[in-house]
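Fold and geometry: a report
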Amino acid sequence: MADIMTPAQRSERMSRIRSQDTKPEMLVRRFLHGQGFRFRLHARDLPGKPDLVLPKYRAIVFVEGCFWHGHSCQKGRVPGTNPDFWQAKVAANQARDKRNQRVLRRDGWRVFRVWECQLAKGKTRDVTLARLVSRIST
């Protein structure tokens, strides 16, 4: 299927996708803050610039977009347009994520990943957030 946008239009649209303060990230931040957790945001001094850093618990939380980080859910599918490019891009993102996670764990951090699809409205969201709180505080 051909792209219905020109390359300039596609570039403009893709440039508007944010990497910080996304809706899933804000949801996790509000929930954890409401539970009494205090954290740093987007720590540039740590590998991968984690979304949330909880120094008291030596814990790091990444809130990952399913598409960009290659999750195995419906949202993580590779588009039909230019699939070679997207497969290479997602594979590079996954390799970078693994490398950063390995360095963080080596430095004594506990790393947690929350996927965008786990934060969809409903029971899954509640279970995911409750599990995250439980795992951080232990």
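Owing to the predicted nature of the structure, the values given are computational and were not obtained by experimental measurement.

**Details of the side chain of Asp51**
Mapped onto the secondary structure, Asp51 falls in the loop between strand S1 (40–41) and strand S2 (52–54). Nearest to the buried, unbridged Asp51 among oppositely charged side chains is Arg29, at 7.4 Å. From its side chain, Asp51 meets the backbone nitrogen of Val63 in a polar contact 2.6 Å long. Contact partners of Asp51, with chain neighbours within four places excluded, come to Glu25, Arg40, Leu41, His42, Val61, Phe62 and Val63.

**Side note on the packing of aromatic side chains**
Applying the stated criterion across every chain yields a total of five aromatic pairs. One aromatic cluster is present, formed by Phe67, Trp68, Phe85 and Trp86 through successive ring pairs. Seen from the ring of Trp109, Arg58 lies directly overhead, with NZ or CZ sitting 4.0 Å from the centre.

**A few points about the pattern of salt bridges**
Across all of its chains, the model carries seven salt bridges by this definition. Of the charged contacts in the structure, one is a salt bridge between Glu25 and Arg29, with a shortest N-O distance of 3.0 Å. Here the residue Glu25 and the residue Arg29 both occupy positions in helix H2 (residues 23–34), the gap between them amounting to four residues, near one helical turn. On the accessibility criterion, Glu25 (1% relative accessible area) is buried.

**Structural notes on the sheet that holds S2**
Taken together, four strands build an open sheet; the order of strands is S1-S2-S3-S4 and the sheet is mixed. Two strands lie at the open edges of the sheet, namely S1 and strand S4 (110–115), each paired on one side alone. When strand S3 (residues 59–64) meets S4, the two strands line up parallel, connected through six bridges. If you follow Glu64 over to S4, its bridge partner there is Trp115. In this fold helix H4 (residues 83–106) packs onto S3 and S4, with an angle of close to 145° to the strand it touches most, S4. Where helix H5 (residues 123–137) meets the sheet, its contacts fall on S2, S3 and S4, and the angle it forms with S4 comes to roughly 175°.

**Brief notes about the nonpolar core**
Counting 15 residues, the largest nonpolar core has Val28, Leu32, Leu54, Val61, Leu132 and Ile136 as the members making the most contacts within it. Secondary structure elements with two or more residues in this core: H2, S2, S3, S4 and H5. Apart from the residues lying within four places of it in its own chain, the contact partners of Leu54 are Phe37, Arg38, Phe39, Ala59, Val61, Trp109 and Ile136. Formed by eight residues, the second largest nonpolar core is a distinct cluster that contains Ala43, Ile60, Phe62 and Trp109.

**Comments concerning H5**
Given a rise of 1.5 Å per residue, 15 residues ought to cover 21 Å, and the 22 Å separating the end C-alpha atoms of H5 matches this to within 8%. Looking at H5, one finds that the buried residues are Thr128, Leu129, Leu132, Val133 and Ile136. Around the axis of H5, the buried residues are gathered within 130° of arc, so they sit on the same side. Across H5 from its buried face, at more than 90 degrees, point the exposed residues Lys123, Asp126 and Arg131. Contacts from the buried residues of H5 go to H2, S2, S3 and S4.

Criteria and thresholds
Residues numbered from 1 in each chain as written. Predicted model: local features only at pLDDT ≥ 70, side-chain atom pairs only at ≥ 80, totals over all residues. Heavy atoms only, no water. Helix = DSSP H or I, 4+ residues; strand = E, 2+ residues; numbered from the N terminus. Buried < 20%, exposed > 50% of the residue type's maximum accessible area, 1.4 Å probe, protein only. Lys, Arg positive; Asp, Glu negative; His and termini not counted. Salt bridge = Lys/Arg side-chain N within 4 Å of Asp/Glu carboxyl O. Polar contact = N/O pair within 3.5 Å; in protein donor to acceptor, adjacent residues only side chain to side chain. Contact = heavy atoms within 4.5 Å. Phe/Tyr/Trp six-rings, centres within 6.5 Å; stacked < 30°, edge-to-face > 60°. Lys NZ or Arg CZ within 6 Å of the ring centre and 35° of its normal. Pairing = 2+ DSSP bridges. Axes fitted to C-alpha atoms, helices over the stretch in contact; angles between N-to-C directions. Core = buried A, V, L, I, M, F, W, Y, C linked by side-chain atoms within 4.5 Å. Expected span 1.5 Å × (residues − 1). Arc of directions from axis to C-beta.

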